[in-house]
Amino acid sequence: MAVLPREVCKRDGTLVAFDPEQIRRAIHRAAVEAGVADPGVTGKATHQVVDQIAARFDGRAPTVEQVQNIVEDTLMTVGLTGIARAYLLYRNRRAELREAKRLLGVRDELKLSLAATVVVKERYLRRDEAGAVIESTGEMMDRVAQHVARGEDEFRPGSSARWAEEFSRAMRALEFLPNSPTLMNAGCGLGLLSGCFVLPVEDSLESIFTAVKDSVLIQQGGGGTGFAFSRLRPAGDPVRSTHGVASGPVSFMRIFDVATEIIRQGGRRRGANMAVLDCAHPDIRAFVTAKSESGQLENFNLSVAASDAFMRAVEDRAPWPLVNPRTGRASDEIDAADLFDRIATQAWRSGARPEVWTRVVMRRAAPYRWFAARSR
């Protein structure tokens, strides 16, 4: 009696367990494309293919190509020509995809699409000093899993290997994927795993340029940064140390924007910043309209921090005081509803849907709301 093989030889020469379920799935996929919905047809064809493999190899390990040839021949022999044609087309597409990945210089065990493979190569795969890719897509997942699992040893010494294996299995199956900085940096020298950082910005040049320095270092590793500029004194406010006047938050935001443009997160990801300004800041109108002209602050999302008091003033069409953060005293007042309209208009111009933002911000579920004027 013929014996089924225990293993199959992959194209790279490695041996893996022979799994008839993979044959069934391949035939089922071809049957669906051919418009055959009867699961009995798929099951019967699978049994016939498996019997042929056992008869021809009698326990010896066939290659993947040999198994696929038997599938194709069997489908034709039993009269399932439509399914056989769909299966052949699938094989050809897979062959073309493998060749494209070979030309890209990427070894892909995860069976990613070509677009995904290009992104993974450009952003995530490790490279040597000459810039050549030195790991496969599966090895990338193993690297991440081993690095993250090391933390388990602090709680249960010796448990990291088991968790690394489980974590890698889940990622290789694409059941779970971490964020971009983790895929980029886990197991590498930088080790930056978080995607978002909030940096303090106080009302001094030292604090502002320290935040600029910290932000470019974070972005170089693939992280994004957020800043609250509400503590900065408004434009035109006196500066005692130089007997001059302040330039205001928007002008300093341009410095952050230029720095981000230059860094471009290590050449792998474009920088991303979030700027927040309180709705009572004297420069709030300039902040809201800062991206009204094309090319301005393209590396920033702008958000207005709005209190319940502001939202009530919007509903009542009441005046809204603007408070100098340096002195704590009101310096001017504006129409709250007019400011709200400007926020909605700029959100619309930048690509967000104003009716959505209006519905969100009018809810009173929390003391503060966030308006985001997002750029595409």
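Residues numbered from 1 in each chain as written. Predicted model: local features only at pLDDT ≥ 70, side-chain atom pairs only at ≥ 80, totals over all residues. Heavy atoms only, no water.

**Considering the overall build of the protein chain**
Rules: Helix and strand definitions here come from DSSP, where helices need a minimum of 4 consecutive H or I residues and strands a minimum of 2 consecutive E residues; each element is numbered from the N-terminal end. Atoms counted for the radius of gyration: C-alpha only. Globule rule: 2.2 Å times the number of residues to the power 0.38. Here a residue-residue contact requires only that any non-hydrogen atoms of the pair lie within 4.5 Å. Residue burial considers only the protein chains on display, and all accessible areas are found by Shrake-Rupley using a 1.4 Å probe. The charge count includes Lys and Arg as positive and Asp and Glu as negative, but it does not include His or the ends of the chains. The location of each charge is read from NZ of Lys, CZ of Arg, CG of Asp or CD of Glu.
Summing up its helical and strand segments, the protein chain has 14 helices and 11 strands in all. Expected size for 376 residues packed as a compact globule is a radius of gyration near 21 Å; at 30 Å, the protein chain overshoots this value by more than 25%. Taken along its principal axes, the extent of the C-alpha atoms in the protein chain is 95 × 45 × 40 Å. When contacts within the protein chain are restricted to residue pairs at least 6 apart in sequence, those whose partners lie at least 24 apart make up 60%. Just so you have it, the protein chain exposes about 20900 Å², and 54% of that area is on carbon and sulfur atoms. When the 52 basic and 47 acidic side-chain charges of the protein chain are each reduced to a single mean position, those positions are 2 Å apart.

**Regarding the packing of helix α3 (residues 64–77) against helix α4 (residues 81–104)**
This is how it is decided: Here the axes come from fitting lines to C-alpha atoms, over the contacting stretch only for helices, and the angles between their N-to-C directions go from 0 to 180 degrees. Oblique is the label for any angle not under 35 degrees, not over 145, and not in the 65 to 115 range, which are roughly parallel, roughly antiparallel and roughly perpendicular in turn. When the near helix sits turned anticlockwise from the far one by under a right angle, the crossing is termed left-handed; a clockwise turn instead gives a right-handed crossing. Ten residues, namely Ala, Val, Leu, Ile, Met, Phe, Trp, Tyr, Cys and Pro, are considered nonpolar, four, namely Asp, Glu, Lys and Arg, are considered charged, and the remaining ones, Gly among them, are considered polar.
In the contact formed by α3 and α4, the axes pass within 8 Å of each other and the chain directions differ by 155°. Between α3 and α4, the angle falls in the class roughly antiparallel. Between α3 and α4 lies a crossing whose hand is left-handed. Contacts between α3 and α4 pair E65, Q68, N69, V71, E72, L75 and M76 from the former with T81, I83, A84, Y87, L88, R91 and R98 from the latter. Tallied by class, residues from the contact of α3 with α4 come to 7 nonpolar, 3 polar and 4 charged.

**Regarding the environment of N324**
With respect to the helices and strands, the residue N324 is situated in the loop between β9 (319–323) and β10 (330–335). For the pair N324 and R126, spaced 198 residues apart in sequence, the C-alpha to C-alpha distance is 49 Å. Those residues in contact with N324, other than ones at most four positions away along the chain, are P234, D237, P282, R329 and S331.

**Focus on the nonpolar core**
Stated formally: Take the buried Ala, Val, Leu, Ile, Met, Phe, Trp, Tyr and Cys residues and link them wherever side-chain atoms come within 4.5 Å; each set so joined is a nonpolar core. The rule is simple: take the accessible area with a 1.4 Å probe, protein chains only, and divide by the maximum for that residue type; under 20% is buried, over 50% is exposed, in between is partly exposed.
Counting 39 residues, the largest nonpolar core has F229, I284, F287, F300, F310 and W320 as the members making the most contacts within it. Contributions of two or more residues to this core are made by α9 (205–220), α10 (249–263), β7 (273–278), α11 (284–288), β8 (300–307), α12 (308–316), β9 and α13 (336–349). Ignoring sequence-local partners within four residues, the contact set of F310 consists of C279, W320, A336, L339 and F340. Judged by nonpolar contacts, the second largest core, of 20 residues, contains I23, A31, V49 and V71.

**Considerations on the side chain of R233**
This is how it is decided: Polar contacts, as counted here, are pairs of nitrogen or oxygen atoms within 3.5 Å of one another; within protein the pair requires one atom able to donate a hydrogen and one able to accept it, and residues that are adjacent in sequence qualify only if both atoms are side-chain atoms.
Position of R233 relative to the elements: it lies in the loop between β4 (224–228) and β5 (238–239). Reaching out from R233, the side chain makes a polar contact with the side chain of D203 at a distance of 2.8 Å. A polar atom in the side chain of R233 sits 2.8 Å from the backbone oxygen of P238. In this structure R233 touches D203, P238, V239, A246, G248, P249, H281, P325 and R326, once residues within four positions along its chain are discounted.

**Focus on the pattern of salt bridges**
So the rule is basically this: By definition here, a salt bridge exists when the distance from a side-chain nitrogen of Lys or Arg to a carboxyl oxygen of Asp or Glu is within 4 Å.
Throughout the structure, instances matching the rule amount to 19 salt bridges. One salt bridge in this structure joins R233 and D203, with 2.8 Å as the shortest N-O distance. Pair noted here: R233 is in the loop between β4 and β5 and D203 is in the loop between β3 (196–199) and α9, with a separation of 30 residues, a long-range link. When its relative accessible area of 18% is taken as the criterion, R233 is described as buried. In this structure D203 comes out as partly exposed when scored by relative accessible area, which is 28%. Within this structure, R11, E65, E72, R91 and R98 form a network of salt bridges that share partners.

**Looking at the packing of aromatic side chains**
Spelled out, the test is: Centre distance within 6.5 Å is the pairing criterion for rings of Phe, Tyr and Trp, where only the six-membered ring of Trp is used; planes under 30 degrees apart are then read as stacked, over 60 as edge-to-face, and the remainder as tilted. Here, over-ring charges are defined by two tests on the NZ atom of lysine or the CZ atom of arginine: distance to the ring centre within 6 Å, and angle to the ring normal within 35 degrees.
This structure, assessed with the given rule, holds 6 aromatic pairs. Between F227 and F229, the aromatic rings sit 5.7 Å apart at their centres with planes inclined by 40°, giving tilted as the arrangement. Here the two residues F227 and F229 agree in accessibility, since each one is buried. Note on F229 and F256: the rings are 5.5 Å apart at their centroids and 80° apart in plane angle, and the pair reads as edge-to-face. Taken together, the residues span a long stretch of sequence, with F229 in the loop between β4 and β5 and F256 in helix α10 at a distance of 27 residues. Taken as a pair, F229 and F256 share a single burial class, namely buried. Counting every residue linked through ring pairs, the aromatic cluster contains F227, F229, F256 and F300. One residue, R162, lies across the ring of W163, its end atom 4.4 Å from the ring centre.

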